[in-house]
Amino acid sequence: MKSEELFRRASNVLPGGVSSPVRRFDPHPFFAAGGSGCLLESVDGESYIDYCLAYGPLILGHAHPRVVEAVNEQIKRGTTYGVPTEEEIELAEAIIERVPCAEMVRFTNSGTEATMAAVRLARAFTGRDRIVKFEGSYHGAHDYVLVRPGSGAATAPDSPGIPVDTVRNTLTVPFNHEEAMAELIEGAGEDIACILVEPVMGNIGCIEPENGYLQFLRDITRENDIILIFDEVITGFRLAPGGAQEYYRVEPDLVTLGKIVGGGFPMGALAGRREIMENISPAGNVYQAGTFNGNPVSVTAGRETLRLLDGRMYSDLERKGSTLRAGLRDLLSDLDLEYQVTGPASMFQLYFTGEEVRNYGDAKKSDTVLFMEYFHGLLERGVFIPPSQFECCFISAAHESEHIEATLEAAEEVLSGLKN
Ligand code: PLP
């Protein structure tokens, strides 16, 4: 197998044989040869129906011809300039038109950079140091937010190399738990700059906010002069043109974007209320910069992608998601397995647990060994989902009914052979 051989070579020069940790799975990942629509091809000649979709960006599927064409045209004219372009304005305007809270935009190179800038901006604007995130939420790989478990002030860094002092001001609470948040704010509210929340938790599987929870966060932050930041790196342009804030009708002060906004190229963005955004340098003095910020190739891919995402596509995605989730529930209901099928619109995940999954603590109770059997079983049958219980599956506009049906058939074969 070529992938096995490549993995051996890769392991010699790339830590763990990969460039980002989740890509590694046992015995070795398959190496990509190419992708087209909802199919991902391996160097071993296999073809997979892809529900990983590069962890979210590929809402149109792989290599959409219109995006490829626009990018090719741009590349011929240069790949980076170090001066502004009209395309940056067009993409910023397209974001502002769609995303309710967006009045101004700063482009970055990744979602990580967007949340890093958002936290700095919120701290500068409020003159407060503490930030609140949720147990199990992921906002990128920078120091201030790489804190997962624990609660209240008893936080610990999630990686060696992060000084405890760096995360002293990062507080965590359970998602979907109003009392825990109210208690935290009661005690420390005047020191809190921002609450950073993934409106749908997409890095611990897929967990939706309970009815009214996001509105509760909006109200409590407003009452306490705390900035509410929606991290929509996953949900932005996925749940609706305006992301989760449109889907759940709650408007934050700031939003961080990534994945889809770059149309398959590296990019992130921070957007929000003008009054706050105008503090970013050079308009204000909150420093944020990047050689590749607003890169013309990424901007072109993002702009073309947003042009292609119309209302019909979103209702199709919603329908495909419902069909897939209902199909999974249907076949699981006949089997002797404990399960939860979760997710809104074109996001979904399956947990092997009998209890409802409302937050990190619940998600951790699922049977991850069984999940990996499910993953490998699907892979053997030509279906690729992210190789972790704690990632989210995505559907693209390129998935047709026949792909969903084939996926459910594969899932039935795999699940009927599992036991928990
Ligand atoms: N925020 C969320 C919600 C994410 O899911 C991710 C990445 O998966 C990030 C931020 C970081 O984005 P990036 O990987 O582009 O740095």
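Residues numbered from 1 in each chain as written. Predicted model: local features only at pLDDT ≥ 70, side-chain atom pairs only at ≥ 80, totals over all residues. Heavy atoms only, no water.

Participant: Sorry, what's going on with a negative patch on the surface here?
Facilitator: A cluster of acidic residues, Asp330, Asp334, Glu400, Glu402, Glu405, Glu409 and Glu412, forms a negative patch on the protein surface. Per element, the largest residue contribution to the negative patch is four residues, and it comes from helix H13 (residues 401-415). Turning to its location among the elements, glutamate 412 is positioned in helix H13. (Patch = residues over 30% accessible without salt bridge, like charges linked within 9 Å, V, L, I, M, F, W, Y side chains within 5 Å. Areas by Shrake-Rupley, 256 points an atom, 1.4 Å probe, with all protein chains shown as cover. Salt bridge = Lys/Arg side-chain N within 4 Å of Asp/Glu carboxyl O. Lys, Arg positive; Asp, Glu negative; His and termini not counted. Charge placed at Lys NZ, Arg CZ, Asp CG, Glu CD. Helix = DSSP H or I, 4+ residues; strand = E, 2+ residues; numbered from the N terminus.)

Participant: When you look at the side chain of threonine 166 in this model, what are you seeing that I'm missing?
Facilitator: Topologically, threonine 166 is positioned in the loop between strand S5 (130-134) and strand S6 (170-173). A relative accessible area of 18% places threonine 166 in the buried class. Leaving out residues up to four positions away in the same chain, threonine 166 has contacts with Asp143 and Tyr144. (Buried < 20%, exposed > 50% of the residue type's maximum accessible area, 1.4 Å probe, protein only. Contact = heavy atoms within 4.5 Å.)

Participant: Honestly, the confidence of the model for the protein in this entry has me stumped. Any pointers?
Facilitator: Taken over all residues, the pLDDT of the protein has a mean of 96, while the share at 70 or more is 98%. Within the protein, S6 has the poorest average pLDDT of any element, 94, and strand S9 (residues 254-257) the best, 99. (pLDDT = per-residue confidence, 0-100.)

Participant: In this structure, what is going on with the site of the ligand? I would like to understand it.
Facilitator: Near the ligand, the surroundings consist of Ser110, Gly111, Thr112, Tyr138, His139, Gly140, Glu198, Asn203, Asp231, Val233, Ile234 and Lys259. Take tyrosine 138: an N or O atom from its main chain is 3.4 Å from a nitrogen atom of the ligand. Protein contacts shield 82% of the accessible area of the ligand, which totals 390 Å² for the unbound molecule. Classifying every residue of the shell around the ligand gives three nonpolar, six polar and three charged. (Near = heavy atom within 4 Å. Polar contact = N/O pair within 3.5 Å; in protein donor to acceptor, adjacent residues only side chain to side chain. Nonpolar A, V, L, I, M, F, W, Y, C, P; charged D, E, K, R; others polar.)

Participant: Can you help me understand the state of the cysteines in this one?
Facilitator: A covalent bond between the sulfur atoms of two cysteines is referred to as a disulfide. One pass over the full model with this rule turns up zero disulfides. The thiol sulfur of cysteine 206 is not disulfide-bonded, and the nearest other cysteine sulfur, from cysteine 392, lies at 3.8 Å. (Disulfide = S-S within 2.5 Å.)

Participant: What am I meant to see in the sheet that holds strand S8 (residues 227-231) here?
Facilitator: Whenever strands of a sheet pair, they do so through backbone hydrogen bonds, lying parallel or antiparallel. Sheet architecture is open: seven strands sit in the order S4-S10-S9-S8-S7-S5-S6, paired in mixed fashion. The open sheet is flanked by strand S4 (104-108) and S6, the only strands paired with a single partner. Each strand axis lies, on average, 20 degrees off the axis of its neighbour in the sheet, ignoring direction. Of the strand pairs in this sheet, S8 and S9 are connected by three bridges, and their pairing is parallel. (Pairing = 2+ DSSP bridges. Axes fitted to C-alpha atoms, helices over the stretch in contact; angles between N-to-C directions.)

Participant: Can you walk me through unusual backbone geometry in this structure?
Facilitator: Trans peptide bonds make up most of the peptide bonds, and negative phi angles are found at most residues other than glycine. Aspartate 26 connects to proline 27 through a cis peptide bond whose omega is -5 degrees. Take proline 27: it is sitting in the loop between helix H1 (2-13) and strand S1 (32-36). In the segment running from serine 281 into proline 282, the intervening peptide bond is cis, with an omega of 10 degrees. Relative to the assigned elements, proline 282 resides in the loop between helix H8 (274-277) and helix H9 (296-308). The phi dihedral of alanine 345 falls on the positive side, at around 45 degrees, and the residue is not glycine. Structurally, alanine 345 is set in the loop between strand S11 (340-342) and strand S12 (347-351).

Participant: Would you mind going over the domain arrangement of the protein with me for this structure?
Facilitator: Bring the parts together and some accessible area is lost; that lost area is often taken as the interface size. Partitioning the protein into structural domains gives domain 1 (2-59 + 310-419) and domain 2 (65-308). Residue-level contacts link 30 residues of domain 1 with 29 residues of domain 2. For the pairing of domain 1 and domain 2, the buried interface totals around 2400 Å² over both sides, and the portion due to carbon and sulfur atoms is 59%. Per-residue buried area on domain 1 facing domain 2 is highest for Tyr314, Arg358 and Tyr360; these three make up 28% of the total on that side. Applying the counting criterion to the domain 1 and domain 2 interface returns one salt bridge. (Domains from an automatic or database assignment. Buried area = accessible area lost by both parts, 1.4 Å probe.)

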